[in-house]
Amino acid sequence: MSVANGQAPPRSMESEKALLGAIILEPSKLTLAAERLRVEDFFSGFNQEIFAAMLFLDRQEMTTEPTAIYDHLDSIGKLEKAGGVEYVASLTNAAMYATEKSFATYIKSIKEKSSLRALAGLGEELREKAMAAIDTAEVYEHLDPRLGAIRDDEGAEPSTLRMKEAIKQSAPLIQRIMSGSEAVIGAPTGYSALDHITAGWIPGEITVLAARPSVGKTALCLEFVLRQAKQGRPSAIFSLEMSTSSLLLRLVCNLARVDGHKLRTGFLSQEEKIRINLALSELAELPILFDDQPSISAYQLRWRIRSLAQRRKIEFVVVDYLQLLRAKGENRTQQVTAISIELKAAARELGKITGGNLLAVSQLSRIGAQEQPQLHHLRESGQIEQDADVVLLLSDEKDTELGREAPSVKVLHVAKQRNGPTGYVKFTFLPRWMGLGELDWESDSRIASVL
């Protein structure tokens, strides 16, 4: 990077020389440095060449003592670019009193200065991009992934844990498991039968809920959101199809147990109006966020989720529905694949930040009314099935005695679970207020027709 306004770029030559000298004195330290640092993280061209030589010699299982470094650099014609024999020899003096603690400080200092230079460079790029851009969206599309990459790289720490550290980190989870037969590993879904199969909403996982149109996907999503919010888990709904007002009316009807048609047309009794006001008061206190922007790209959504997790501590996210997200690709299959990958990444980041999880709604391809949905019916891309940790397929129960569907009973098929069993959960559907209540699986003999 060039000097701007007479100010030299961020760097710490002392740390760079001391770190390299410490490695020459104690070659085993190279492993610690290589975990965090790349060649480009060094500001000095001399130091870049020397660190690159050390990494090469180590890969060849050769010693990294000074004579080996000289010989290697000389053999590839880069000894002078590395400052010559005298400069390499001088490095050990800079690290004569280095300790384990100071070595970690050198790594941190070099990495921080590298990130600051990257940010300064990004600022220059951003200025040029902004001057040439047609709109702000183009600039943000360039900025967001670059900024995130710098932040992730600067904050990356070795992720390995000793057994004692792993046990300590997992103590809350182990305590929940040991607390009783009703405990679940993840956050309870609000439906005990579903928890019994899935062990709740697992941190960092992505769950896909799929069904044919008008079967009740959004209704079930809103039930999940309500039940999470009532547990004190901040939740967010990204609705690309329905407006915030429409979602809110559904939630009001659900809580107040008021017929949705009567609410929309205004034919309400005094008692129903009272229940609606009480429901609104209850909803006002729940930690639920709405975002109904109809046209958003998958990468933008990922960064919004990350931002909300950091700023608002959201733990449960619903995306309704994923086929309406935009993504780059030569065809629709490639676009949906890109969307699925971005949502998977968003779920993992959500899990790391707040221990949260993501529920993505998906359409099913056209299937016959009498045909039970299967995993291969997931619309447009097998990548959705591949990336999902859990796949839930919602359908109307088939009444074999009447020879037709029984839409008042919904069947949720846990068709895939990466770390657990599959199975079925049955709900009673209350269409007047779009609610779904849990039914006892064994109390209705008709369920045999579904299995």
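Calculation criteria
- Residues numbered from 1 in each chain as written.
- Predicted model: local features only at pLDDT ≥ 70, side-chain atom pairs only at ≥ 80, totals over all residues.
- Heavy atoms only, no water.
- Helix = DSSP H or I, 4+ residues; strand = E, 2+ residues; numbered from the N terminus.
- Patch = residues over 30% accessible without salt bridge, like charges linked within 9 Å, V, L, I, M, F, W, Y side chains within 5 Å.
- Areas by Shrake-Rupley, 256 points an atom, 1.4 Å probe, with all protein chains shown as cover.
- Salt bridge = Lys/Arg side-chain N within 4 Å of Asp/Glu carboxyl O.
- Phe/Tyr/Trp six-rings, centres within 6.5 Å; stacked < 30°, edge-to-face > 60°.
- Buried < 20%, exposed > 50% of the residue type's maximum accessible area, 1.4 Å probe, protein only.
- Contact = heavy atoms within 4.5 Å.
- Axes fitted to C-alpha atoms, helices over the stretch in contact; angles between N-to-C directions.
- Parallel < 35°, antiparallel > 145°, perpendicular 65-115°, else oblique.
- Nonpolar A, V, L, I, M, F, W, Y, C, P; charged D, E, K, R; others polar.

A.B. asks: What is the right way to look at unusual backbone geometry in this model?
C.D. replies: Glycine aside, negative phi is the norm for most residues, and most peptide bonds take the trans geometry. In this structure, Y321 follows D320 across a cis peptide bond, with omega equal to 0 degrees. For Y321, the position within the fold is in the loop between β4 (316-320) and α16 (332-354). Phi is positive for S214, close to 65 degrees, though the residue is something other than glycine. Assignment of secondary structure puts S214 in the loop between β1 (206-211) and α11 (217-230). The backbone of R257 sits at a positive phi, close to 55 degrees, despite the residue not being glycine. Within the fold, R257 resides in the loop between α12 (244-256) and α13 (260-265).

A.B. asks: Please explain a nonpolar patch on the surface as it appears in this structure.
C.D. replies: Among the surface-exposed residues, L116, L119 and L147 lie close enough to one another that they form a single nonpolar patch of about 220 Å² accessible area. As for its position among the elements, L116 is in helix α6 (residues 100-132).

A.B. asks: So what exactly am I meant to see when it comes to the packing of aromatic side chains here?
C.D. replies: Each aromatic ring pair is described using two quantities: the centre-to-centre distance and the angle formed by the ring planes. Summed over all chains, the structure comprises six aromatic pairs. When the ring of F42 is compared with that of F51, the centres are 4.8 Å apart and the planes differ by 40 degrees; the resulting orientation is tilted. Residue class for F51 comes out buried when judged on its relative accessible area of 0%. Taken together, the ring pairs connect Y191, W201, F224, F316 and F427 into an aromatic cluster.

A.B. asks: I tried to follow the environment of G437 on my own but got confused; where do I start?
C.D. replies: Turning to its location among the elements, G437 is positioned in strand β9 (residues 435-438). With 246 residues separating them in the primary sequence, G437 and Y191 have C-alpha atoms 8.4 Å apart. Look past the residues within four positions of G437 in its chain and what remains in contact with it is Y191, K426, F427 and T428.

A.B. asks: Honestly, the packing of helix α15 (residues 298-312) against α16 in this entry has me stumped. Any pointers?
C.D. replies: Close contact between α15 and α16 brings their axes to 9 Å; oriented N to C, the two are set at 10 degrees. As summarised for this structure, α15 and α16 are arranged roughly parallel, according to the angle between their axes. Where α15 abuts α16, its residues A298, Y299, L301, R302, I305, R306, A309 and Q310 lie against I339, E342, L343, A345, A346, E349, L350, I353 and T354. By residue class, the composition of the contact of α15 with α16 is 11 nonpolar, two polar and four charged.

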